[in-house]
Amino acid sequence: TMSQPATSDAGWDIVVADLIEGNSRLRKEVEALEGQLAGFEDVERGGVALQSLVDEINRGHGTVNFIAVDAEGNVASGVSTSGLALKYPGRVGDSPIIGAGNYADNRYGAATCTGYGEMAIQAATAHSVVLYMKMGLLLEEAGAEAMHDLRHLDLPLRGMMNLIAVDKEARHWGASTSPGRTYLYMTAEMDEPVVAKRVHIPLAAPKGCSR
Ligand code: ASP
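Overview of the structure.

**Regarding the overall build of the protein**
Link 1 in the chain: Within the protein, the secondary structure is distributed over 6 helices and 9 strands.
Link 2 in the chain: Here the protein holds 211 residues, and the buried ones make up 42% of them.
Link 3 in the chain: In the protein, 60% of the contacts between residues at least 6 apart in sequence involve partners at least 24 apart.
Link 4 in the chain: Put simply, the protein shows about 11,600 Å² of open surface, and 54% of that area lies on carbon and sulfur atoms.

Printed below as a string of structure tokens:
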């Protein structure tokens, strides 16, 4: 579902600009703003606006990706409706767009994204992973290639991107532009899911790297 952003004429663009860094970062920004609010003449109106901003941020809960492969090798992918806070009214993120945040093809595998949806939309990230596998790259090569494509986008903001993907052999792989990120996997033989590490692929290319 789409949530409404807090309306404010108090000039809080900095909070919106930071939405790509995730909701916890936003909360810190709002806490800092509370201090600044004391200096506003119209404190009461500012307080009401701030409260609605805090409520909106607290409604943000992140987005969840799922990929499943059945015993016959059928692949399915799903993405929960974007849980990002402070979305513009009417914004459509990558989550519901097949090919952007979510793509599955029984012939090759599947990929799903969380993060700054505008990037996944512009680069058709989930589809790119599957297409690169079709073109002969291994799962981890295809995923890395799709992440590298994000380095060349011309967007006003640069955000985080996280990917999980499987190939048609049900091998799984995850990546993130942030270090230390994980995902879960589980097979029919396992009683509990296992935490796997995502490969860290920063948005900035290392020096001397042309991709
Ligand atoms: N990808 C989502 C979006 O931009 C946000 C998220 O992953 O939490 O709409």
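Text resumes after the structure shown.
**Examining the sheet that holds strand β3 (residues 102-105)**
Link 1 in the chain: Pairing is mixed across the open sheet formed by 5 strands, whose spatial order is β3-β4-β5-β6-β9. Every interior strand has two partners, whereas the edge strands, β3 and β9 (199-200), have only one.
Link 2 in the chain: When β3 meets strand β4 (residues 109-115), the two strands line up antiparallel, connected through 4 bridges. Considered in β4, the bridge of D105 is made with G109.
Link 3 in the chain: This element, helix α5 (residues 125-134), spans β3, β4 and β5 (161-167) of the sheet and lies at about 150° to β4.

**Here's the deal with the nonpolar core**
Link 1 in the chain: Ranked by size, the top nonpolar core spans 26 residues in total, and within it M119, V129 and L150 carry the most contacts.
Link 2 in the chain: Every element with two or more residues in this core is listed here: β4, α4 (117-123), α5, α6 (139-149), β5 and β6 (172-176).
Link 3 in the chain: Sorting elements by how many residues they give to this core places α6 first, with 5 residues.
Link 4 in the chain: In contact with M119, other than residues within four places in its own chain, are T125, L150, L153, L155, G159, M161 and L203.
Link 5 in the chain: Counting residues in hydrophobic clusters, the runner-up holds 5 residues, among them L53, I57, A85 and L86.

**Re the pattern of salt bridges**
Link 1 in the chain: Tallying each qualifying case throughout the model produces 5 salt bridges.
Link 2 in the chain: One salt bridge connects E118 with R91, and the closest N-O pair in it is separated by 2.7 Å. Highlighted residues: E118 in helix α4 and R91 in the loop between β2 (75-79) and β3, separated in sequence by 27 residues.
Link 3 in the chain: Measuring nitrogen to oxygen at the nearest pair gives 2.9 Å for the salt bridge that ties D105 to R107.
Link 4 in the chain: Here R107 falls in the partly exposed class, since its relative accessible area comes to 48%.
Link 5 in the chain: Each member of the salt-bridge network shares a partner with another, and the members are E140, D167 and R171.

**Things to note about a nonpolar patch on the surface**
Link 1 in the chain: On the surface, V92, I97 and I121 cluster together into a nonpolar patch covering about 210 Å² of accessible area.
Link 2 in the chain: By secondary structure assignment, the location of V92 is in the loop between β2 and β3.

**Overview of the pairing of strand β1 (residues 65-69)**
Walk down a regular strand and you will see the side chains alternate between the two sheet faces.
Link 1 in the chain: When β1 meets β2, the two strands line up antiparallel, connected through 5 bridges. Each residue of the ladder has a partner; that of V69, found in β2, is V75.
Link 2 in the chain: The turn joining β1 and β2, which pair antiparallel and follow one another in sequence, is formed by 5 residues; a positive phi near 85° is taken by G73.

**Here we look at the site of the ligand**
Link 1 in the chain: Taken together, T63, S82, R91, G93, D94, S95, T114, G115 and G117 make up all the residues around the ligand.
Link 2 in the chain: A distance of 2.6 Å separates an oxygen atom of the ligand from a polar side-chain atom of T63.
Link 3 in the chain: Residue R91 places a side-chain N or O atom 2.7 Å away from an oxygen atom belonging to the ligand.
Link 4 in the chain: A total of 270 Å² of accessible area belongs to the ligand in isolation, and the protein chains cover 95% of it.
Link 5 in the chain: Each residue belonging to the shell around the ligand can be placed in one class, and the counts come to no nonpolar, 7 polar and 2 charged.

What counts, and where the lines are drawn
- Residues numbered from 1 in each chain as written.
- Predicted model: local features only at pLDDT ≥ 70, side-chain atom pairs only at ≥ 80, totals over all residues.
- Heavy atoms only, no water.
- Helix = DSSP H or I, 4+ residues; strand = E, 2+ residues; numbered from the N terminus.
- Buried < 20%, exposed > 50% of the residue type's maximum accessible area, 1.4 Å probe, protein only.
- Contact = heavy atoms within 4.5 Å.
- Areas by Shrake-Rupley, 256 points an atom, 1.4 Å probe, with all protein chains shown as cover.
- Pairing = 2+ DSSP bridges.
- Axes fitted to C-alpha atoms, helices over the stretch in contact; angles between N-to-C directions.
- Core = buried A, V, L, I, M, F, W, Y, C linked by side-chain atoms within 4.5 Å.
- Salt bridge = Lys/Arg side-chain N within 4 Å of Asp/Glu carboxyl O.
- Patch = residues over 30% accessible without salt bridge, like charges linked within 9 Å, V, L, I, M, F, W, Y side chains within 5 Å.
- Near = heavy atom within 4 Å.
- Polar contact = N/O pair within 3.5 Å; in protein donor to acceptor, adjacent residues only side chain to side chain.
- Nonpolar A, V, L, I, M, F, W, Y, C, P; charged D, E, K, R; others polar.

Just distances and angles here, no functional claims.
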